Amino acid sequence: MTQPVTIIMIEDDEGHARLIERNIRRSGVNNEIVSFANGTDAVKHLFGADGSGLAQKGNALLILLDLNLPDMSGIDILKRIKENKYLKASPVVVLTTTDDSQEIKRCYEFGCNVYITKPVNYENFANAIRQLGLFFSVIQVPPAAP
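Residues numbered from 1 in each chain as written. Predicted model: local features only at pLDDT ≥ 70, side-chain atom pairs only at ≥ 80, totals over all residues. Heavy atoms only, no water.

## Things to note about the nonpolar core
The biggest cluster of nonpolar side chains holds 23 residues, and the ones touching the most others in it are Ile8, Ile10, Leu46, Ile63, Leu65, Ile81 and Cys107. Going through the elements one at a time, strand 1 (5–10), strand 2 (33–36), helix 2 (39–47), strand 3 (60–65), helix 3 (74–83) and strand 4 (92–96) are the ones with two or more residues in this core. Setting aside its immediate chain neighbours within four residues, Leu46 contacts Ile8, Ile10, Gly53, Gln56, Leu61, Ile63, Ile81 and Leu87. (Core = buried A, V, L, I, M, F, W, Y, C linked by side-chain atoms within 4.5 Å. Buried < 20%, exposed > 50% of the residue type's maximum accessible area, 1.4 Å probe, protein only. Helix = DSSP H or I, 4+ residues; strand = E, 2+ residues; numbered from the N terminus. Contact = heavy atoms within 4.5 Å.)

Here it is in structure tokens:
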């Protein structure tokens, strides 16, 4: 039996976080969603008290990452995840308002799996997240390295 995938959402905008979760649910995804409003708390959760990432060993994670966080750069979090032996296989979906081509290129170079620019229009944003939820329902996510 495969391990259930936990969705880690790192999103500082409370309205966006609610919209993302609601529309992921509407697409039929019932996985646990653990939400963080800042990078500091997310990093503590992902890497554990000792900072090694061992705390996530064996867990299947899918990470939704906003780049514009109040306390640290989402790109720094992405780099740390992809450099960590326990977390590097976890898919990272960058979900942000930034549509700068250099920023997009940097995220892919650092190992993001999907880069999505949040549509400004509410209905388009909700629709994009529902489609993302459908994508989540079919992808395979490996557990963190043993």
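Picking up where we left off.
## Quick notes on the UniProt feature "domain: Response regulatory" (unreviewed entry) in the chain
The UniProt entry lists residues 6–133 under the feature "domain: Response regulatory" (unreviewed entry), expressed in the numbering used here. Between the C-alpha atoms that bound residues 6–133 there is a distance of 13 Å. The span itself is 41% helix and 19% strand. (UniProt positions renumbered as here; feature names shortened; annotations may be inferred.)

## Some points on the packing of helix 1 (residues 14–26) against helix 5 (residues 122–136)
Remark: helix 1 packs on helix 5, axes separated minimally by 8 Å, with the N-to-C direction vectors making an angle of 50°. As summarised for this structure, helix 1 and helix 5 are arranged oblique, according to the angle between their axes. The two elements helix 1 and helix 5 meet at a crossing, and its hand is right-handed. Contacts between helix 1 and helix 5 involve His16, Leu19, Ile20, Arg22, Asn23, Ile24 and Arg26 on the former and, on the latter, Tyr122, Phe125, Ala126, Ile129, Arg130 and Phe136. Residue composition of the contact of helix 1 with helix 5, by class: eight nonpolar, two polar and three charged. (Axes fitted to C-alpha atoms, helices over the stretch in contact; angles between N-to-C directions. Parallel < 35°, antiparallel > 145°, perpendicular 65-115°, else oblique. Left-handed = near helix turned anticlockwise from the far one by under 90°. Nonpolar A, V, L, I, M, F, W, Y, C, P; charged D, E, K, R; others polar.)

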